[in-house]
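Structural overview for review
Here's the letter readout for the chains.
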Amino acid sequence: MDTIGRFAALLSYDGFAFHGFQRQKDLPTVELALEEALNLLDKKGRRVKVTGAGRTDRGVHALGQVVHFDISWPHGPAALRKALEANLPTSIGIYEVVPVDFTFHARKSALWRRYAYFIWKGDCRLPHLDRYVWWNRRGWDMDLAKEFLTKIKGFHDFGAFCRKADRPSDARRTIMEAGIEEKGPLLKISVTGRSFLTNMVRIIVGTMDEIATGRKSLEEICRLLDGGSRGEAGPTAPAEGLFLWEVRYDPMPFGCEEYSAVTANFIL
C-alpha cells in the first residue's frame, strides 16, 4: 500500500505569468499550477495541498521559493521532481524535491527570507529586461540610498511600509540585513528578515527612491519607523523588479549546488 509522505520543493518562477502565488478564483496562480500538477501524480487520487514559504504578489518573481506538500508517491524524490516539472507550465522550474519530516513547515519553519529588487538605471531601455527590473532613470545619491538601508535595519514598526488595507495591529518586524550592489547601471537591493508585511519590500524601495533623489530627507525615516502612516512613506515600487530570492532553514533540507551557485552569482 502506498503511504503518504511529506516533501519539500525548491522552485523558481516567472511572476509575469501569474496573479501571485496564492490561489484566486478563476485566475492563474503558482499555487494552483502546483496543486493541479500534484493532483495528477498522487497515487491515491487525493487532492494535494501546497504550502509556500511566502505569498508573492501578482508579477513578483521567485528564485528560491520553498513549498511543502503531502503526497502518496512511491518512486522517490528525483522521479517526483521530474514528474512534477513535466506537468507544470514552463514559467515554473523545480530545482529539487526532498522528503522531509511531517514537522517541517515551509512557512513556519523558516528562519529568514531574503528578497532582491532589481533597478535598471541606464538611459537606454532594454526591452529584454522589462519583466525583471524597474527602469528608473532618476539620478540617485548612492550614499543616501545606502544610509537609508542602514537605518531600516533592526527592529522597527514598519506599519508605514505596509499596504494600508493590510496593516496589522502589530506591524513590528526585524530587518536583519539590507544592502545594495552595483553592476554598471544595474542595481540589486537585498533585504533579509524573518517575516514581511504586505508590499513591504516594494514600499521600502519606493521610499529609498524618494530619499536618493532628495524628495524626502533621512530625518523623516525615524518617524516612519516609529509607527508612521502609509501616506508618509514613498510609493510602492513596481512588482516586476522583485524576487523572493532565498529562504533559510536549520537544517537546510536542500543540497542543490546549482541553486547555490545561482543565488551567489545571479544578477540578471
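Up top is the structure these notes are about.
Residues numbered from 1 in each chain as written. Predicted model: local features only at pLDDT ≥ 70, side-chain atom pairs only at ≥ 80, totals over all residues. Heavy atoms only, no water.

With that settled, the discussion passes to the packing of helix H3 (residues 142-152) against helix H4 (residues 200-212). Running from N to C, H3 and H4 point in directions that differ by 135°, and their axes come no closer than 9 Å. When the interaxial angle is binned, H3 and H4 end up oblique. H3 and H4 meet at a crossing whose hand is right-handed. Two secondary-structure elements touch here, H3 through Leu-144, Ala-145, Phe-148, Leu-149 and Ile-152 and H4 through Ile-204, Thr-207, Met-208, Ile-211 and Ala-212. Of the residues that constitute the contact of H3 with H4, the class distribution is nine nonpolar, one polar and no charged. (Axes fitted to C-alpha atoms, helices over the stretch in contact; angles between N-to-C directions. Helix = DSSP H or I, 4+ residues; strand = E, 2+ residues; numbered from the N terminus. Parallel < 35°, antiparallel > 145°, perpendicular 65-115°, else oblique. Left-handed = near helix turned anticlockwise from the far one by under 90°. Contact = heavy atoms within 4.5 Å. Nonpolar A, V, L, I, M, F, W, Y, C, P; charged D, E, K, R; others polar.)

With that out of the way, let us pick up the layout of surface pockets. What the largest pocket holds in volume is close to 850 Å³. Taken together, 38 residues make up the lining of the largest pocket; nearest its centre are Gly-54, Arg-55, Thr-56, Tyr-115 and Phe-196. Counting residues per element, the ones that place at least two in the lining of the largest pocket are strand E2 (50-52), strand E5 (112-120) and H4. When grouped by side-chain class, the residues that make up the lining of the largest pocket number 13 nonpolar, eleven polar and 14 charged. (1 Å grid on protein atoms, 1.4 Å probe; cavity = no way out; pocket = protein on both sides within 12 Å on 5 of 7 lines; lining within 4 Å. Points joined across faces, edges and corners; volume = space filled by probe spheres on them.)

Every buried residue of H3 is listed here: Met-142, Ala-145, Phe-148, Leu-149 and Ile-152. Summarising the axial view, the buried residues of H3 lie within an arc of 120°, below the 170-degree limit, and thus occupy one face. Looking at the packing, one finds that the buried side of H3 touches strand E7 (154-157), strand E8 (172-183), strand E9 (186-193), H4 and helix H5 (219-224). By the N-cap criterion, in which a side-chain oxygen at the helix start approaches the backbone nitrogen of a residue two or three places on, H3 is capped by Asp-141, the distance to Asp-143 being 3.0 Å. At the C-terminal side of H3, Gly-154 shows a positive phi close to 105°. (Buried < 20%, exposed > 50% of the residue type's maximum accessible area, 1.4 Å probe, protein only. Arc of directions from axis to C-beta. Polar contact = N/O pair within 3.5 Å; in protein donor to acceptor, adjacent residues only side chain to side chain.)

Throughout the structure, instances matching the rule amount to ten aromatic pairs. Measuring from centroid to centroid gives 6.2 Å for Phe-7 and Phe-69, while their planes differ by 20°, and the two rings are stacked. Taken together, the positions of Phe-7 in strand E1 (residues 4-13) and Phe-69 in strand E3 (residues 61-72) put the pair 62 residues apart, joining distant regions of the chain. In this structure Phe-69 comes out as buried when scored by relative accessible area, which is 1%. (Phe/Tyr/Trp six-rings, centres within 6.5 Å; stacked < 30°, edge-to-face > 60°.)

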